[in-house]
Amino acid sequence: MRRTATLTISLLAAAALLTGCGSEKKDAGPAKAGAASPSAPASGAKGSSSGKKGVPHQVVFEVDGTGASNVMWIGNTNHFEQVTLPWTKTESIQLEGAELKVGVTVSLVPGSVKGSDGMLKAAPCTIKVDGKQVADNQGGESAKPCTYKLKD
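Attention here is on the structure that accompanies the text. Just so you know, these numbers come straight off a predicted model, no measurement behind them.

## Examining the state of the cysteines
Working definition: the covalent bond between the sulfur atoms of two cysteines is a disulfide.
And then number 1: Tallied over the entire structure, the rule returns one disulfide.
And then number 2: The side chain of Cys 125 participates in a disulfide bridge whose partner is Cys 146; the two sulfur atoms lie 2.0 Å from each other. Measuring the twist about the S-S bond at about 95 degrees, one finds the Cys 125-Cys 146 disulfide to be right-handed. Of the two residues, Cys 125 sits in strand β6 (residues 125–129) while Cys 146 sits in strand β8 (residues 146–150), which places them 21 residues apart along the sequence. Cys 146 carries the same exposure label as Cys 125, and that label is buried.

## Examining unusual backbone geometry
And then number 1: The amide bond that connects Leu 85 to the next residue, Pro 86, takes the cis arrangement and shows omega of -5 degrees.
And then number 2: Tracing the sequence through the fold places Pro 86 in strand β2 (residues 78–96).
And then number 3: In the Ramachandran plot, Gln 138 falls in the positive-phi region, its phi being about 50 degrees despite a non-glycine side chain.
And then number 4: With respect to the helices, strands and loops of the structure, Gln 138 is situated in the loop between β7 (132–136) and β8.

## Some points on the pairing of β6
And then number 1: The element β6 is extensively covered by neighbouring structure, given that four of its five residues are classed as buried.
And then number 2: As defined by bridge partners, strand β1 (residues 53–74) adjoins β6 across five bridges and the pair is classed as antiparallel. In the sheet register, Val 59 faces β6, and the bridge partner there is Val 129.
And then number 3: Where β6 meets β7, four bridges bridge the pair, whose relative direction is antiparallel. Residue pairing in the sheet places Lys 128 in a bridge with Gln 133 of β7.
And then number 4: Here β6 hands over to β7 after two residues, with Asp 130 in that stretch at a positive phi of 50 degrees.

Here is what the cut-offs are and how they apply
The residue numbers shown here count from 1 along each chain, following its written sequence. In keeping with the model being predicted, local features are shown solely for residues with a pLDDT of at least 70 and side-chain atom pairs are shown and tallied solely at 80 or more, while totals for entire chains, interfaces and linings include all residues. Note that the side-chain values use all heavy atoms of the structure and ignore hydrogens as well as water. Note on terminology: pairs of cysteine sulfur atoms within 2.5 Å are recorded as disulfides. Helix numbers and strand numbers start at the N terminus; a helix is a DSSP run of H or I with at least 4 residues, a strand a run of E with at least 2. Buried residues are those whose accessible area, probed at 1.4 Å on protein chains only, stays under 20% of the maximum for their type, while exposed residues exceed 50% and partly exposed ones sit between those limits. Strands qualify as paired when DSSP identifies two bridges or more between them.

As structure tokens, then:
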């Protein structure tokens, strides 16, 4: 009984601490004249607020094999999940602002699958952009993930 009470009190204390951590910041006082707020873009700043957008690209992530495997991919956002193989995911990615100059890296990290010799190896992966294959891991022979720098 004592253990249960101690655990309950500990959990309640942790919950109280966590809810207190999300409190809002108090205003430090009046803003100085001419100072920009942190969320407001500086005049002449380039980026997504500039309104420039590139053409949308269709990016296809593929992992081959059989069975289940973990897969991590970076497209519009980061993703990680367990999937049934073979697996395909399609995303539309449109570059904007500074991405138009420097590009963005899309990446696919396949999990392990059992090879013909019974040993685990990286599952075969590919990345296609607008129908053209742009990256692979040589049928799973390379331990490196599939990556590609997408540019307009």
